[in-house]
Amino acid sequence: MGHAGRESGAAQPRIRRQRHGQRDDRGERRPRGRRELLHGRDRDRAQHRERRLHPEAAQHALRDPRRSDLPRARGAADARARRRARGRRHEPSARDRPLSGPQRHREEGAAHRQLIRYRAAWVLPIAAPPIAGGAVVVDRGRIVSIEERPASGEDLGSVAILPGLVNAHVHLELSWMRGRVPPCDAMCVWAQSLMALRRTVTEEPREPIAAAIAEARASGTCLVGDITNTLSAYDALADTEMSAMIFREMLGFSAPDPGGFVDRTLAQLAELTPIARLRTSLAPHAPYSVSPALFSAIADRAEHAPVSVHLGESPEEIQFLRDGTGPWRSVLEHLGVWNPAWTPPACGPVEYLARVGLLNERLVAVHGVQLTGDELARLSSARATVVTCPRSNRWTGAGDPPIDRFYASGVRVAIGTDSLASVEDLNMFHEMAEVRRLAPSVRARAILRSATQSGAEALGFAGDLGTIEPGRRAELLAVRVPDGVTDVEEYLLGGIEPLDVQWLDPA
Ligand SMILES: [Zn+2]
């Protein structure tokens, strides 16, 4: 690999490795041949899928040493050392700080020394069709341009460059529950076993959160929409390069002072150490757990930020809104929070959100398994977003989401994994593979856009992330693509493992 793309300056590696997979169990780096590296990739797709479904495959990939045919690169340990050198734990990194006057002047003065041109077998801008043999030009962490026929540059070989993926729905603080809440046929039963498990701890264990973020990074995620009740993932997010829209979740079916509740919650968010790549907003949990007054108070106060709601997830939610009966009613009564003054709205979940003032372009409606064609059309007209989490839906017993109808309706579709309490891993490539399996007729390009651009738009990061376009942050992936692949978009939906994912270093 050459360095021809760098205009000048000392040569240094620009492919970052993640902490997982760098070393084997003895902490030693082992060389890995190209033939081994591509295992599974040169087989036919059916075999590849079969391998992916093997329960040990993902863990094996995470432990596997990285290939040796790319230069040694900066890893998480180096990033931690840099943060220590900065002193205060949450002092913003250079990427997060707004440029001051003198600093900006200095960096602009040095611009000519920092252009990097990455050439690859494929470039996927997402906002435009894939480019074979293209290049991405990067300057100080920002994308400058895309070139269709670059004459020079740092040739990355048989990889596809694409923007970092966006996991639009996750609950990082539940990561310690991985494998501990069994799959279920009825979502309310699954939710009750989750609540019972959660009551066994006084606070969310921190180490699994950090491990989950590292796992998400290693499989190509640069931005998460993270739902939280405790803010316990904030420090862990601050310690990484992951961007996040942090949705402080609110529950209250009989909360006495909804306005005060929202004000206190917003004040709590305002006390967090400001970091530009970590933004905050609110998430009313779901129609069966949030009173109409609390929904309205959130709608009144969260004026400019996305608002995330679990919506149309289970058949029991539809029943509850229709006539106030069913398992969710029983759960509320069991918890002692049923409000006898509540009147069933006798409508669907989208109409219900419209009545409380939340049906707008900032709505991030998560799951949507039960939504009708009319409801999807209404979300589309409002320019809202549906986030689909199909692996979680199966795990919790909510059923398979109507993904074909999501896309046919024209609504913005984003993709999330949901929490490790209801999914095997946080690999967005695996989630895309499940979307593809459930919706074989949806265009591959549309699914890739959902996992990048649409997620960034829904979470309010479209100016920075989600596409390869001039001005966007250069959080770029290089994904190994075997020679001979002609449909790179479809290939990327086949279930990519972390072994074949690397981050390009924009520094
Ligand atoms: Zn959720």
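From a predicted model like this one, the values you see are computed outputs, not experimental measurements.

K.L.:
Quick question: what am I supposed to make of the overall build of the protein here?
P.N.:
Counting secondary structure elements, the protein contains 19 helices and 18 strands. When each of the 507 residues of the protein is scored for burial, the buried share is 56%. The contacts of the protein with a sequence gap of at least 6 include a subset with a gap of at least 24, amounting to 75%. Within the structure as shown, the protein displays about 20300 Å² of accessible surface, and the carbon and sulfur contribution to it stands at 50%.

K.L.:
When you look at the side chain of serine 289 in this model, what are you seeing that I'm missing?
P.N.:
Positionally, serine 289 belongs in the loop between strand S12 (278-284) and helix H10 (292-301). Given a relative accessible area of 9%, serine 289 falls into the buried group. Ignoring any residue separated from it by four or fewer positions in sequence, one finds serine 289 in contact with Leu251, Gly252 and Phe253.

K.L.:
What should I look at first to understand helix H17 (residues 428-438) in this one?
P.N.:
Every α-helix carries 3.6 residues per turn, so stepping three or four residues along brings you back to the same face. Along H17, 10 of the 11 residues are buried, which leaves the element largely enclosed by surrounding structure. If you check which residues of H17 are buried, you get Met428, Phe429, His430, Glu431, Met432, Ala433, Glu434, Val435, Arg436 and Leu438. Two or three places before phenylalanine 429, at the start of H17, stands the capping residue asparagine 427, its side-chain oxygen 2.8 Å from that residue's backbone nitrogen.

K.L.:
Sorry, what's going on with the packing of H17 against helix H18 (residues 444-458) here?
P.N.:
Relative orientation and spacing of two packed helices are given, respectively, by the angle between their axes and the distance between those axes. Close contact between H17 and H18 brings their axes to 10 Å; oriented N to C, the two are set at 140°. Of the possible angle classes, the one that applies to H17 and H18 is oblique. The crossing of H17 and H18 is right-handed. When H17 is examined against H18, the residues Met428, Met432, Val435 and Arg436 are found in contact with a partner set consisting of Ala444, Ile447, Leu448 and Ala451.

K.L.:
What exactly am I supposed to notice about the pattern of salt bridges here?
P.N.:
Side-chain pairing between opposite charges can occur once the charged atoms of the two side chains come close. Scanning the entire structure with this criterion turns up 24 salt bridges. In this structure, arginine 391 engages aspartate 425 in a salt bridge whose closest nitrogen and oxygen atoms are separated by 3.2 Å. In this pair, arginine 391 is assigned in helix H15 (residues 390-396) and aspartate 425 in the loop between strand S16 (412-415) and H17, connecting sequence segments 34 residues apart. The exposure classification of arginine 391 matches that of aspartate 425, with both residues buried. Its salt-bridge partner being arginine 473, residue aspartate 464 comes within 3.8 Å of it at the nearest N-O pair.

K.L.:
Looking at this structure, how should I read the sheet that holds strand S6 (residues 142-147)?
P.N.:
Strand pairs in the sheet, formed through backbone hydrogen bonds, run parallel or antiparallel to each other. Spatially, the 4 strands line up as an open sheet ordered S6-S5-S2-S7, and their pairing is mixed. With one partner strand each, in any of the chains shown, S6 and strand S7 (154-155) form the two edges of the open sheet. Pairing between strand S2 (residues 115-119) and strand S5 (residues 135-139): 5 bridges, direction antiparallel. Bridging across to S5, leucine 115 finds its partner in aspartate 139.

K.L.:
Explanation requested: the nonpolar core in the structure shown.
P.N.:
As a rule of thumb, nonpolar side chains are buried together in soluble globular proteins. By size, the foremost hydrophobic cluster in this structure holds 117 residues, and its most contacted members are Leu172, Leu237, Leu379, Phe429, Met432 and Leu492. Core analysis: the next-biggest nonpolar cluster, separate from the first, contains 16 residues, Ala120, Ile143, Leu156 and Leu476 among them.

K.L.:
Help me understand the pairing of strand S11 (residues 243-250) in this model?
P.N.:
On a regular strand, each side chain points to the face opposite its neighbour's, so the side chains alternate between the two faces of the sheet. The buried fraction of S11 amounts to 8 of the 8 residues, a majority that puts the element mostly inside the structure. Of the two faces of S11, the one holding Ser243, Met245, Phe247 and Glu249 and the one holding Ala244, Ile246, Arg248 and Met250 are both buried throughout. Where strand S10 (residues 221-228) and S11 come together, 6 bridges link them in parallel fashion. The residue bridging glycine 225 from the neighbouring strand is methionine 245, located in S11. Two elements, S11 and S12, share 7 bridges in a ladder whose sense is parallel. Looking at S12, one finds that glutamate 249 is bridged to alanine 283. Regarding topology, helix H9 (residues 258-270) serves as the crossover connection from S11 to the parallel S12, and that connection is right-handed.

K.L.:
What exactly am I supposed to notice about the coordination of the zinc ion here?
P.N.:
Around a metal, the idealised angle for a tetrahedral arrangement of four donor atoms is 109.5 degrees; for an octahedral arrangement of six donor atoms it is 90 or 180 degrees. Coordination of the zinc ion by the protein comes from His169 (NE2), His171 (NE2) and His310 (NE2), over a distance range of 2.0 to 2.2 Å. Sequence positions of the residues that donate to the zinc ion give the spacing H-x1-H-x138-H. Residue histidine 169 is located in strand S9 (residues 165-170), and its partner histidine 310 is located in strand S13 (residues 307-311); the two are separated by 141 residues in the primary sequence.

K.L.:
Even after reading the chapter, I still don't get the sheet that holds S16, so can you show me in this structure?
P.N.:
Here we have 4 strands laid out as an open sheet, ordered S13-S14-S15-S16, and parallel in their pairing. Edge strands, defined here as strands with exactly one partner in the open sheet, are S13 and S16. Going across the sheet, the axis of each strand differs from the next one's by a mean of 30°, ignoring polarity. By the bridge criterion, 5 bridges tie S13 to strand S14 (residues 363-367) in an arrangement that is parallel. Residue valine 309 lies in a different strand from S14, and its bridge partner there is alanine 365. The sheet contacts of H18 involve S14, strand S15 (385-388) and S16, and relative to S16 the element is tilted by about 100°.

K.L.:
What exactly am I supposed to notice about the packing of aromatic side chains here?
P.N.:
Aromatic ring pairs are described here by two measures, namely the spacing of the ring centres and the angle between the planes. Inspection of the entire model under this criterion finds 8 aromatic pairs. Ring geometry for phenylalanine 320 and tryptophan 338: centres 6.2 Å apart, planes at 80°, overall edge-to-face. Placement of the pair is phenylalanine 320 in helix H11 (residues 315-323) and tryptophan 338 in the loop between helix H12 (327-335) and helix H13 (349-355), with a sequence separation of 18 residues. The exposure class of tryptophan 338 is buried, given its relative accessible area of 18%.

K.L.:
Explain the pairing of strand S17 (residues 476-480) to me, please; I cannot follow it from the model alone.
P.N.:
The buried fraction of S17 is high, at 5 of 5 residues. Alternating residues of S17 divide into Leu476, Ala478 and Arg480 and Leu477 and Val479, and every residue in both groups is buried. Both strand S8 (residues 159-163) and S17 contribute to a ladder of 5 bridges, which runs antiparallel. Each residue of the ladder has a partner; that of alanine 160, found in S17, is valine 479.

K.L.:
Help me out: how do you make sense of unusual backbone geometry in this one?
P.N.:
Trans peptide bonds make up most of the peptide bonds, and negative phi angles are found at most residues other than glycine. In this structure, arginine 140 is a non-glycine residue whose phi angle is positive, near 50°. Summarising the element assignment, arginine 140 is placed in the loop between S5 and S6. Backbone geometry places arginine 383, a non-glycine residue, at a positive phi of 60°. With respect to the helices and strands, arginine 383 occurs in the loop between helix H14 (373-381) and S15. Exposure remark for arginine 383: the relative accessible area of 58% places this residue in the exposed category.

Analysis parameters
- Residue positions are given per chain, counting from 1 as you read along its sequence in written order.
- Given that this is a predicted model, residues contribute local features only at a pLDDT of at least 70 and side-chain atom pairs are listed and counted only at 80 or more, while totals for whole chains, interfaces and linings are drawn from all residues.
- Only hydrogens and water are set aside; all other atoms, that is, all heavy atoms of the structure, feed into the side-chain values.
- Labels follow the DSSP assignment, with helices taken as runs of H or I lasting at least four residues and strands as runs of E lasting at least two, numbered in each case from the N terminus.
- Buried means the residue's accessible area, taken with a 1.4 Å probe over protein chains only, is under 20% of the maximum for its type, while exposed means over 50%, and partly exposed covers the values in between.
- Only heavy atoms enter the contact rule, under which two residues are in contact if any of them lie within 4.5 Å.
- Under the convention used here, a 1.4 Å probe and the Shrake-Rupley method define accessible areas, while residue burial counts only the protein chains that appear.
- Here a polar contact is recorded for every N or O atom pair within 3.5 Å, except that within protein the pair must consist of a potential hydrogen donor and a potential acceptor, and residues adjacent in sequence are included only if both atoms are side-chain atoms.
- The convention used is that axes are lines fitted to C-alpha atoms, helices contributing only their stretch in contact, and that angles between N-to-C directions extend from 0 to 180 degrees.
- The labels follow the angle: roughly parallel below 35 degrees, roughly antiparallel above 145, roughly perpendicular from 65 to 115, and oblique for the rest.
- Here a crossing is called left-handed whenever its near helix is offset anticlockwise from the far helix by less than a right angle, and right-handed whenever the offset is clockwise.
- The salt bridge criterion pairs a side-chain nitrogen of Lys or Arg with a carboxyl oxygen of Asp or Glu, the two atoms within 4 Å.
- At least two bridges found by DSSP between two strands is the condition for calling them paired.
- What is meant by a nonpolar core is a set of buried Ala, Val, Leu, Ile, Met, Phe, Trp, Tyr and Cys residues, joined one to another through side-chain atoms within 4.5 Å.
- Every crossover in which the path from the first strand over the helix to the second runs clockwise, viewed with the strands pointing away from the viewer, is termed right-handed.
- Here the coordinating atoms are restricted to nitrogen, oxygen and sulfur within 2.8 Å of the metal centre, or 3.2 Å for Na, K and Ca, and because water is not among them the sites may look incomplete.
- Between the rings of Phe, Tyr and Trp (Trp by its six-membered ring), a pair exists once the centres lie within 6.5 Å; its type follows the angle of the planes, with under 30 degrees stacked, over 60 edge-to-face, and the other angles tilted.

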